[in-house]
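# An overview of the molecular structure
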Amino acid sequence: MSTLTRARCRLRAHPFALDAALAAGVLVCMLAGSFVDPHGPDGITWELRAPDPLSLVLMTLGAAALAFRRRAPRRVLALAGGASVVESVTGDPRAPVAMCAVVALYTVASTTDRPTTWRIGLLTTTVLTGTAMIAGPLPWYAQENLAIFAWTGIGATAGDAVRSRRAFVRAIRERAERAERTREEEARRRVAEERLRIARDLHDVVAHHIALINVQAGVAAHVMDRRPDQAKEALAHVREASRSALGELRATVGLLRQSGDPEAPTEPAPGLDRLDELAGTFRSAGLRVEVARADQGTVLPAAVDLAAYRIVQEALTNVRKHAGDAAKAEVSVVRVGPHIEITVLDDGTGDDQDGAPGDGPGGGHGLLGMRERVAALRGTLTTGPRYGGGFRVHAILPVETRTSAQDGL
């Protein structure tokens, strides 16, 4: 920090001391001007003279008032203006008492609004100049009278300019602070959205694979003594499901690693290209699943592709958990104009799926996670029981998200 900056900081911390110093400087200037007589017997000559006692009192009174100009600017202006009026009427030659009125007018203009500045400035200029021209000993057109008019106008204009600059700087600072707050809020919002997305992925992965492991482990325990071959096959499915779960968990948790952590897995996120594989895992768990596709090889954005896969995964997991052992599931993927429609139907007779249809207090998070995924992509999701039994999950997702559409421009 430079010496000048430190000095400014100290002065701002003690405004009364600064005003007192300014008042002392104005008093010195008025005293120096009062000892000079510009009207000699031979025209304009400069001669030393002794100021009148009343002029000295008025100058001291006006200068002392300036020490309080920040606390009561209008009262200080009234006092300084009154002293200038008295000096204009009684002084011959006059002392420059109007200097303190100019400083006071500058203070008022710099601390108030523009209309008030114009009103007070016009009133002050009119009163001081008019009094000097009409009631003073000099002719009305004397240079001293015109100087009062000029200096009061300059004081009001300079104060208004300073006030405008302060307001401009304040507006820029507020705008910068508001932009900073907006950036912080946006960062927090993005962090919350990312946390929610990772939570959804973890829920989908864990719920799906744990449900399969639970089913296969139950099968293995049931047939272990009578049909060991089938038990071994069920345990193999358990091992495969656990391996797949660990792989997806590793990929999801890898998103949370910092730059210095070990390299995260580079395996792409699952999508509809793995739909048959997904259906196969449920078939191996004993659920009858039929898949029908009419999307004509549509290439989906990564976010839409992942959301479609997770919706089917969660819906089938709910069917396996809630629809009963004899339930059958039907999965259809259809391209309809600018949208891709995913439908999962079942004919089960079990309890409501994952708290469906409303995800009440006792329900799980599966349907809630579906809704959040679809809402994030500006799609629609419809869930509810079917007439005659069973449950229906129907999602409509845009083929092109806003981001991918902008990237193609």
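These lines cover the structure that appears in this document, whether it is placed above or below. (Residues numbered from 1 in each chain as written. Predicted model: local features only at pLDDT ≥ 70, side-chain atom pairs only at ≥ 80, totals over all residues. Heavy atoms only, no water.)

### Comments concerning the packing of helix α4 (residues 73-90) against helix α5 (residues 98-111)
At a minimum axis distance of 8 Å, the contact between α4 and α5 shows a crossing angle of 155 degrees. Accordingly, the angle class assigned to the pair α4 and α5 is roughly antiparallel. For the pair α4 and α5, the sense of crossing is left-handed. Touching P73, R74, V76, L77, A80, G81 and S84 of α4 are A98, C100, A101, A104, L105, T107, V108 and T111, all from α5. Along the lines of polarity and charge, the residues of the contact of α4 with α5 split into 10 nonpolar, four polar and one charged. (Axes fitted to C-alpha atoms, helices over the stretch in contact; angles between N-to-C directions. Helix = DSSP H or I, 4+ residues; strand = E, 2+ residues; numbered from the N terminus. Parallel < 35°, antiparallel > 145°, perpendicular 65-115°, else oblique. Left-handed = near helix turned anticlockwise from the far one by under 90°. Contact = heavy atoms within 4.5 Å. Nonpolar A, V, L, I, M, F, W, Y, C, P; charged D, E, K, R; others polar.)

### Examining helix α2 (residues 15-34)
One full turn of an α-helix is made of 3.6 residues, so residues set three or four places apart face in the same direction. Counted at 1.5 Å a residue, the expected span for α2 with its 20 residues is 28 Å, and the 28 Å between its end C-alpha atoms agrees. The set of residues buried in α2 consists of D19, A23, V26, M30 and S34. All buried residues of α2 project into a common sector of 70 degrees when viewed along the axis, lining one side. (Expected span 1.5 Å × (residues − 1). Buried < 20%, exposed > 50% of the residue type's maximum accessible area, 1.4 Å probe, protein only. Arc of directions from axis to C-beta.)

### Re the pairing of strand β3 (residues 288-294)
Here seven bridges tie β3 to strand β4 (residues 328-336), and the two strands are oriented parallel to one another. Bridge assignment links A294 to a residue of β4, and that residue is V334. Taken together, β3, helix α10 (residues 302-322) and β4 constitute a β-α-β crossover, and its handedness is left-handed. (Pairing = 2+ DSSP bridges. Right-handed = clockwise from strand over helix to strand, strands pointing away.)

### Here we look at the sheet that holds β4
Spatially, the five strands line up as an open sheet ordered β3-β4-β5-β7-β6, and their pairing is mixed. Strand pairing shows two members of the sheet lacking a second neighbour, β3 and β6 (380-385), which therefore form its edges. Averaged over all neighbouring strand pairs, the angle between strand axes comes to 10 degrees, with direction disregarded. By the bridge criterion, eight bridges tie strand β5 (residues 339-346) to strand β7 (residues 391-398) in an arrangement that is antiparallel. Following the sheet pairing, H339 is matched in β7 by P398.

### A closer look at the pattern of salt bridges
By the definition in use, this model includes eight salt bridges. A salt bridge links E180 to R183; the shortest N-O distance between them is 2.4 Å. Separated by three residues within a single helix, E180 and R183 lie in helix α7 (residues 143-223), roughly one turn from each other. Judged by relative accessible area, E180 falls into the partly exposed class, the value being 36%. When salt bridges with common partners are traced through the structure, they connect R114, D160 and R163 into a single cluster. (Salt bridge = Lys/Arg side-chain N within 4 Å of Asp/Glu carboxyl O.)

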